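Close look at the chain arrangement
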Amino acid sequence: MASLSVKPGQRFTLPDWHNNSILISADAEQQRYNSHHIRQEGRALRNETGNQAKWDEHNSRTQLKDRIACVDKWREALARCIAEIDLEIDALTKVKEAAENAIQAKNLCLDVAIECLTLRESRRDIDVVRDPVEEELLREVKVIEKTKKELQQRVDDAFRQLCLLKEARQLVVSDHKHKVEALELDRQCMSFNPTSGNISFKVNPTRIPYGSTALSEWEQNSRCNKECAEAEIKASVDLRGAITLSIAQTNNELDAQRIATEFALRKRMRDMEAALNELRWQEQNTLDEIAEMEEEIRQLEEDIKKRTLDLKVAHTRLETRTYRPHIELCRDQAQYGLTDEVQQLEGIIRALQQKRTESQDALDALYRQLHRIRTDIGYKTNSLQLDNKCMDTRRKLVVCVEKFEPEVDAVNRARDLPRKSQLELA
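Just so it is clear, the structure is predicted and the values come from calculations on it, not from any experiment.

1. Looking at the packing of helix H2 (residues 132–191) against helix H3 (residues 215–321)
Two elements in contact, H2 and H3, have axes separated by 8 Å at closest approach and are oriented at 165 degrees. Between H2 and H3, the crossing angle belongs to the class labelled roughly antiparallel. Judged by the sense of rotation from one axis to the other, the crossing of H2 with H3 is left-handed. Of the residues that constitute the contact of H2 with H3, the class distribution is 24 nonpolar, 10 polar and 13 charged.

2. Thoughts on the UniProt feature "coiled-coil region" (unreviewed entry) in the protein
UniProt records the feature "coiled-coil region" (unreviewed entry) at residues 134–161, 269–310 and 342–369, using the numbering of this structure. Taken end to end, residues 269–310 comprises 100% helix and 0% strand; its first and last C-alpha atoms sit 59 Å apart. Secondary structure over residues 342–369 splits into 100% helix and 0% strand, and the C-alpha atoms at its two ends are 39 Å apart.

3. Points about the environment of Ala334
In this structure, Ala334 sits in helix H4 (residues 333–394). Assessed through its relative accessible area of 38%, Ala334 is described here as partly exposed. Residues Ala334 and Leu309, spaced 25 residues apart in sequence, show a C-alpha to C-alpha distance of 19 Å.

4. Some points on the packing of helix H1 (residues 14–120) against H3
Here H1 crosses H3 at 20 degrees, and the two axes come no closer than 9 Å. Comparing their axes, H3 and H1 come out roughly parallel. Two packed elements cross with a definite hand, and for H1 against H3 that hand is left-handed. Across the contact of H1 with H3, the residue classes break down as 23 nonpolar, 5 polar and 11 charged.

5. Re the pattern of salt bridges
Per the counting criterion, the structure on display carries 36 salt bridges. We note a salt bridge from Lys234 to Asp238, for which the minimum N-O separation is 3.4 Å. In this pair, Lys234 and Asp238 are both assigned in helix H3, 4 residues apart and thus about one turn of the helix distant. For Lys234, a relative accessible area of 41% corresponds to the partly exposed category. Counted as one network, the salt bridges with shared partners bring together Arg120, Arg123, Asp131, Glu134, Arg268 and Asp387.

6. Some details on unusual backbone geometry
Positive phi, normally seen in glycine, also occurs at Asp125, with a value near 50 degrees. Among the secondary structure elements, Asp125 is positioned in the loop between H1 and H2. In this structure, Asn204 is a non-glycine residue whose phi angle is positive, near 45 degrees. The residue Asn204 is located in the loop between H2 and H3 in this model.

7. Considerations on the environment of Arg223
Take Arg223: it is sitting in helix H3. Residue classification places Arg223 among the partly exposed positions, given a relative accessible area of 21%. For the pair Arg223 and His178, spaced 45 residues apart in sequence, the C-alpha to C-alpha distance is 14 Å.

Rules and cut-offs
Residues numbered from 1 in each chain as written. Predicted model: local features only at pLDDT ≥ 70, side-chain atom pairs only at ≥ 80, totals over all residues. Heavy atoms only, no water. Axes fitted to C-alpha atoms, helices over the stretch in contact; angles between N-to-C directions. Helix = DSSP H or I, 4+ residues; strand = E, 2+ residues; numbered from the N terminus. Parallel < 35°, antiparallel > 145°, perpendicular 65-115°, else oblique. Left-handed = near helix turned anticlockwise from the far one by under 90°. Nonpolar A, V, L, I, M, F, W, Y, C, P; charged D, E, K, R; others polar. UniProt positions renumbered as here; feature names shortened; annotations may be inferred. Buried < 20%, exposed > 50% of the residue type's maximum accessible area, 1.4 Å probe, protein only. Salt bridge = Lys/Arg side-chain N within 4 Å of Asp/Glu carboxyl O.

Set out below in structure tokens:
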């Protein structure tokens, strides 16, 4: 007969079974509660972190936009500053070239003045005088040398100012270039999003890069570069005005001196012509007097000859009457008359001879004076020719170098630049 098999192992009671079921249900509910709680916390955390991330990204984007706007304003201000510096460099270069041309023109004026002085050194004898023309020419040489020295100083100042402008421009250009690069990087940062293909984790991204500066230092550097550039522009504008004024003043001073020199030269030429006319009049009168004196001497010699013949007649009569015979050889009235006649004629001849000697001396003096007059006429004719050559030489100054006419717009272009171009930052 078959027997009933019994499963080996522990046997639980029904209460244990019920308790186990209750425990499993309780554990399930607890786990579901815990899971629900964690799930709610996770949902809240996701919402909170999502909002925080969006808000932080919005803040970062806003700050990037503000930074881009700030840097872009400085970039525009620096770009305007560079343009102003370039215009000022060009304007100052033109004024510097104008000053150099003015110096070159003064060289021609100096050459003309020295040539006039050299020409007038060819005057001869009494005409070698320190007259007003020579004084004005010497004064003109001093004025030209002084104006050249002043203009050369202005040219040197302009050269130094150009160096300062270019140095300031280099700083501004470098700052402008850096801001352009920074703008490009910040705009690239603005373009990044979670779907961008070039995003990745970086090693220690929150580190402070070497060489970092504070925001105030950054702004102070840009402001300093801009203000230095504006200060150099203002100094250049003032210098251009001073150079323009110096050119005008030196031109006016030289023109006034040139007018004074030419006035003295013309007056001297008029005086020389008047002296020449006087000398020619004296020459003609002397020639006339010489002719009259020669005629007078000829008349005196003829009278001497006539009186000599009369004396010979009287001598002959007296001598002939000495041959009267005996008692006839008496001292009668005829004898006394002939004697008186001889004495009178001898006195007359002596007087005529003395007058002829005096007349000959006067004639010789007239010839000497005529020679002196003609020599002086030659000297003054030579001096007048030299002064005429000086006037011809000085005609070069009429068409030498055009007067510098400053460009009003170029001079006044940037006088108010620092005030007008001042960057307004919030």
